[in-house]
Amino acid sequence: MRRVYIETYGCQMNVSDSELMFGVLGREGYVRTEDPAEADVLLVNTCAVRDHAEQRVLGRMGELKRYKRPGDVLGVVGCMAQRLGPKLLERVPQVDLVIGPDGYRGLPELIAQARAGERAADVAFKGWEHYEDVPPVRGNMVSAFVTVQRGCDYRCTFCIVPMTRGPERSRKLADVVHEVARLAANGGGTTEVTLLGQTVNSYHDGEHDFADLLRTVGAVEGIRRLRFTSPYPTDFTPRVVAAMAETPAVCEHVHLPLQSGSSRTLKRMLRRYDRDRYLAVVAALRAAVPGTSLSTDIIVGFPGETEDEFQETLSLVEQVQFDDAYTFKYSVRDGTPAVRIKDHVAEEIKTERIGRLIALVRRIAKQKNIGLIGTTHEILVEGPAKRGGLLQARTRTNKIALLDGPAEWIGTYRRVRFTGTTGSTFTAWPLEKEYPELVAAWQ
Ligand code: SAH
Ligand code: F3S
């Protein structure tokens, strides 16, 4: 039996792509292993969005080569593989193959070549590739990622993704629905699905838009929770917002990438909205989906960002009151337009700004979360928590809660009361311990 080990970095799309690679190799008889020492094929699925992510992978390659026995194959796949291509073969002599996000179909062939002593890189774009015929081997059957769109046609000036993932393309709605229906039906017990795409709400398969997709997937029997990531702010058309409001499965949480609160910075980033437009989208979402939580992505120190412009980001964060925010220092990506903008911001200033931003984000999140202590929620139990013998669960609003309960609860929905918070996550008490008859009726 041949074993494959895949280590995944970066976004959910990469997690989903790794599941596809397990599918491609599963058809060849490979089984998945979590232990690099016993693997015949070792793959690192990489991210190229920031230099930091790439440096980590290069460091990790040095460690993984220790597990490479004669005949084993070590490969780099994903966005960094696409970006560096054959250069990676030169740079890391232990690497046998390099494959970009459109080339996973060729894995078996390149693995065979590598075994025959021939190292190779495949970084050709196939603008049509959806891996429609490849059954992903999923790590999580309770909550499943389903990629509905690959690539990106936007041109945010800081971003390498259009260069690593190629042009945008959407899967056919019928194919997505078929996959979700199979997940929900076949005893896998999937009740929660997250639809993935780089600008997922710009989904269009030639006939159907994202609103159609939400309504149709939300109507699949057995699907109780529907999420999606990441949407682009201006692609929340009235049709999409209405579909969210009118589809009971759509969860009350939106990840709404901001990048900057300054209209001037947004213009240099070539984002398609200004501060006021972003705020209008927030207002529309909150009006249509009461109680929705909001998270975001923010970049500090984009070229030319002045202290005043940064202050506008702080004031927008204060105004919107995000539940959570992923904050990044701008990282120069070769080949992206922002490289040519004058006035790159000094590293110390980036560090100082991100510190202030993180402190603000944490303060707001903590304040909001303290306000939720004592409230009750429906949670989906996802699995064992990392520590303390507890279970980890999630609310529809994407809040993480830890609770004490039997392992049989994994994959089930329960009602809980929040009893405490660290500021970001919660401790929760199952209501069936308080009101067993009420909860029995609710289940
Ligand atoms: N459309 C995609 C964006 C992928 S990149 C999505 O939302 O899923 C994910 C995040 O990384 C971006 O939202 C941005 O905040 C950050 N990012 C992208 N390029 C960056 C760069 N050059 N430097 C710092 N952060 C960056
Ligand atoms: Fe990147 Fe902008 Fe597309 S952030 S992935 S170019 S929407």
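Cut-offs used in this document
Residues numbered from 1 in each chain as written. Chains lettered and ligands numbered in written order. Predicted model: local features only at pLDDT ≥ 70, side-chain atom pairs only at ≥ 80, totals over all residues. Heavy atoms only, no water. Helix = DSSP H or I, 4+ residues; strand = E, 2+ residues; numbered from the N terminus. Rg over C-alpha atoms; globule rule 2.2 N^0.38 Å. Buried < 20%, exposed > 50% of the residue type's maximum accessible area, 1.4 Å probe, protein only. Contact = heavy atoms within 4.5 Å. Areas by Shrake-Rupley, 256 points an atom, 1.4 Å probe, with all protein chains shown as cover. Lys, Arg positive; Asp, Glu negative; His and termini not counted. Charge placed at Lys NZ, Arg CZ, Asp CG, Glu CD. Domains from an automatic or database assignment. Buried area = accessible area lost by both parts, 1.4 Å probe. Polar contact = N/O pair within 3.5 Å; in protein donor to acceptor, adjacent residues only side chain to side chain. Pairing = 2+ DSSP bridges. Axes fitted to C-alpha atoms, helices over the stretch in contact; angles between N-to-C directions. Near = heavy atom within 4 Å. Nonpolar A, V, L, I, M, F, W, Y, C, P; charged D, E, K, R; others polar. Salt bridge = Lys/Arg side-chain N within 4 Å of Asp/Glu carboxyl O.

1. What about the overall build of the chain?
- Helices and strands together make up the secondary structure of the chain, namely 14 helices and 19 strands.
- Here the chain has a C-alpha radius of gyration of 22 Å; the compact-globule value for 443 residues is 22 Å, and the two agree.
- Dimensions of the chain, computed from C-alpha atoms along their principal axes, come out at roughly 65 × 55 × 50 Å.
- Within the span of the chain, comprising 443 residues, buried residues form 54% of the whole.
- Sequence-distant contacts in the chain: of pairs separated by 6 or more residues, those separated by 24 or more amount to 72%.
- In the form shown here, the chain has an accessible surface area of approximately 18900 Å², with 54% of it arising from carbon and sulfur atoms.
- For the chain, the separation between the mean place of its 59 positive charges and that of its 57 negative charges on side chains is 3 Å.

2. Observations regarding the domain arrangement of the chain
- Domain boundaries assigned for the chain yield domain 1 (2-122), domain 2 (143-370) and domain 3 (376-442).
- The gap between the C-alpha centroids of domain 1 and domain 2 is 28 Å.
- Counting from both sides, the interface comprises 18 residues of domain 1 and, opposite them, 19 residues of domain 2.
- Here domain 1 meets domain 2 over a buried area of about 1600 Å², counting both sides, of which 54% is carbon and sulfur.

3. Regarding the side chain of Lys399
- Looking at the element boundaries, Lys399 is found in the loop between strand 16 (391-395) and strand 17 (400-403).
- A relative accessible area of 7% places Lys399 in the buried class.
- Reaching out from Lys399, the side chain makes a polar contact with the side chain of Asp323 at a distance of 2.8 Å.
- Apart from residues no more than four positions distant in its own chain, Lys399 is found in contact with Asp323, Asn369, Leu372, Ala393, Arg394, Phe418 and Phe426.

4. Description of the environment of Glu434
- With respect to the helices, strands and loops of the structure, Glu434 is situated in the loop between strand 19 (426-430) and helix 14 (436-442).
- Expressed as a C-alpha distance, the spacing of Glu434 and Arg417, which sit 17 residues apart in the sequence, is 9.8 Å.
- When residues no more than four places from it in sequence are discounted, the contact partners of Glu434 are Arg417 and Trp429.

5. Section: the sheet that holds strand 14 (residues 324-329)
- Across the sheet, which stays open at both edges, the three strands sit in the order 12-13-14 with parallel pairing between neighbours. One side of each edge strand has no neighbouring strand; the edge strands of this open sheet are strand 12 (253-255) and strand 14. For this sheet, the mean inter-axis angle between neighbouring strands, taken without regard to orientation, is 10 degrees.
- Two strands pair when backbone bridges link them, and strand 12 and strand 13 (residues 293-300) are joined in this way by three bridges, in the parallel orientation. The residue of strand 13 that forms the bridge with His253 is Ser293.
- Those strands touched by helix 13 (residues 347-370) are strand 13 and strand 14, and its axis lies near 175 degrees from that of strand 14.

6. Things to note about the site of ligand 2
- The local shell around ligand 2 consists of Cys152, Tyr154, Cys156, Phe158, Cys159, Val161, Pro162, Gln198, Thr199, Tyr232 and Arg271.
- Along the lines of polarity and charge, the residues of the shell around ligand 2 split into eight nonpolar, two polar and one charged.

7. Remarks on the site of ligand 1
- As a matter of local geometry, ligand 1 sits amid 14 residues, with Gln198, Ser230, Gln259, Asp297 and Ser331 nearest to it.
- A distance of 2.7 Å separates a nitrogen atom of ligand 1 from a polar backbone atom of Gln198.
- Within the side chain of Asp297, an N or O atom sits 2.7 Å from an oxygen atom of ligand 1.
- When isolated, ligand 1 has an accessible area of 550 Å², and the protein chains bury 87% of it.

8. Points about the pattern of salt bridges
- For the coordinates displayed, the defined rule picks out 41 salt bridges.
- Linking Arg239 and Asp212 is a salt bridge whose minimum nitrogen-to-oxygen distance equals 2.9 Å. In this pair, Arg239 is assigned in helix 9 (residues 238-246) and Asp212 in helix 8 (residues 210-218), connecting sequence segments 27 residues apart.
- The partly exposed category is assigned to Arg239, whose relative accessible area is 46%.
- Measuring nitrogen to oxygen at the nearest pair gives 2.9 Å for the salt bridge that ties Arg356 to Glu307. In this pair, Arg356 is assigned in helix 13 and Glu307 in helix 12 (residues 307-320), connecting sequence segments 49 residues apart.
- We classify Arg356 as partly exposed; its relative accessible area is 27%.
- Put simply, Glu192, Arg224, Arg225, Arg227 and Glu378 are held in one network by salt bridges that share partners.

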